[in-house]
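Chain residues, written in single-letter form:
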Amino acid sequence: MTLGAALATASSVASRFASASRASLRVLMRSSSLRGGGVRRSFVAPPAPRRSFSTAARALASTAPPLRTYHADWAEVILPDGHRFPMEKYRATRLALEADGSLRGKMEIVPSPLATIDQVLAVHDPGYVQRVLDCALTPAETRAIGFPMHPSSVTRSLASTGGTVAATRDVLTPGTPHRCAAQIAGGTHHAFADAGEGFCVFNDIACAAVYAMETFPERLRGSETPILIIDLDVHQGNGTAKIFEDETRVVTFSAHGEKNYPWRTKQRSTHDVDLPDGADDATCLRVVNEWVPFLFETYRPRLVFFQAGVDALREDSFGRLGMTRAGMLRRNHVVYDACVAADVPLVITMGGGYSRPFDASVAAHADVFRSAAYRFAAG
Ligand SMILES: [Zn+2]
């Protein structure tokens, strides 16, 4: 059995949820080729909200379950010695959360299932997927991703995607008590349909968004733009923007460093905000405080994805921005409060975080999940 066939079998067994047929999902992606005139694009100043937006906390049910939080570090990745990608930060984040006694009863950390091949193919080009599964990417493709494909990284990529899909299922299943679910992985927003780059192989949020549209259309009714992707990683969510450039039901918002990677492959999100080098808490929070209410008011989302990269921290090696850990926490709460106030389900993923040593990044990553547990779980 080839590796691809083995993984296909494993993923179909591991997956507990149905996948729509490849053909129907392809049609789904093609069928929405008209981005309506109602969808604005902006590259300069954030718009003022049309009316004041209340972030007053809506009371959550006293029975709100622990925050379902997936992790993919069960799938060990073998990287070359001295590789610059801090793969260990994922496990370190999970261990920090598991060691936090204040989260007892508020967070449930579970292994990410593997994405099914159909879930991946719903977004990605079959030839590219095959080359990934066979560890047969070209040298140029491998260079763009930034690490060589190895059976371990194939499994990890499928787990990273599968956890985000599972979190989406958790918050959209009819009658679910979960208002939020999270993934200590994913946020691989540089992955395009037919190519990976920037440490991203498959685009987990894109796969999960298509899964949501195909599997839970009734949960997305009532808005012509039901899926909102809020990407606050310091690097533009270029793969996500490109994948959904013609999809009217998905709104992509990316606030990122204007001088940062990707330099040659930036795309047009529905809305992009360029942040100047050194942008501090005040600047970044002003953007988030103005844009998040605008996005909720304008698009009335029924599902929100939050790519919660923490590479805007001033300690980050790649970020070029100047946020503090406290500012990052406030940033996260703007998104959480908006989802609670509007009663919109939320899926949170990881994103970049490259401080050296990685402690500052891990602390900020853990904050993302810890504060979500405090916000969304009862007790
Ligand atoms: Zn990043």
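Residues numbered from 1 in each chain as written. Predicted model: local features only at pLDDT ≥ 70, side-chain atom pairs only at ≥ 80, totals over all residues.

> Just checking my understanding: could you explain the pairing of strand β1 (residues 67-71) for this structure?
One face of the sheet, then the other: side chains in a regular strand alternate in exactly this way. Along β1, 5 of the 5 residues are buried, which leaves the element largely enclosed by surrounding structure. Across the two faces of β1 the burial is the same, with Leu-67, Thr-69 and His-71 and Arg-68 and Tyr-70 all buried. Across 5 bridges, the pairing between β1 and strand β2 (residues 107-111) is parallel. From the neighbouring strand, Tyr-70 faces β2, where its bridge partner is Val-110. Handedness of the crossover joining β1 and β2 through helix α3 (residues 88-98): right-handed. Relative to strand β3 (residues 180-184), β1 runs parallel, the two sharing 4 bridges. From the neighbouring strand, His-71 faces β3, where its bridge partner is Ile-184. (Buried ≥ 20, exposed ≤ 12 C-beta atoms within 10 Å, placed from the backbone. Helix = DSSP H or I, 4+ residues; strand = E, 2+ residues; numbered from the N terminus. Pairing = 2+ DSSP bridges. Right-handed = clockwise from strand over helix to strand, strands pointing away.)

> Mind showing me how you'd approach unusual backbone geometry here?
Leave glycine aside and you will find that most residues have negative phi; peptide bonds, for their part, are mostly trans. At the junction of Tyr-261 and Pro-262, the peptide bond is cis and its omega measures out at 0° in the coordinates. A cis amide bond links Arg-356 with the next residue in sequence, Pro-357, at an omega value of -10°. Note that Pro-357 resides in the loop between β8 (346-349) and α12 (359-376). Positive phi outside glycine occurs at Phe-199, with the angle close to 70°. On the secondary structure map, Phe-199 appears in the loop between β3 and α8 (204-215). When the 17 C-beta atoms within 10 Å are taken as the criterion, Phe-199 is described as partly exposed. The residue Asp-343 is not glycine, and still its phi comes out positive at about 55°. Turning to its location among the elements, Asp-343 is positioned in the loop between α11 (325-342) and β8.

> Help me understand the packing of helix α10 (residues 281-299) against α11, please; the structure alone is not making it clear to me.
Between two packed helices, what matters for the description is the angle formed by their axes and the separation of those axes. Between α10 and α11, the shortest axis-to-axis distance is 10 Å and the interhelical angle comes to 10°. In terms of their interaxial angle, α10 and α11 are classed as roughly parallel. Counting all contacts with α10, which are made through Asp-281, Cys-284, Leu-285, Val-288, Asn-289, Val-292, Pro-293 and Phe-296, the residues of α11 involved are Gly-327, Arg-330, Arg-331, Val-334, Val-335, Ala-338 and Ala-342. Looking at side-chain class alone, the contact of α10 with α11 contains 10 nonpolar, 2 polar and 3 charged residues. (Axes fitted to C-alpha atoms, helices over the stretch in contact; angles between N-to-C directions. Parallel < 35°, antiparallel > 145°, perpendicular 65-115°, else oblique. Contact = placed C-beta atoms within 7 Å. Nonpolar A, V, L, I, M, F, W, Y, C, P; charged D, E, K, R; others polar.)

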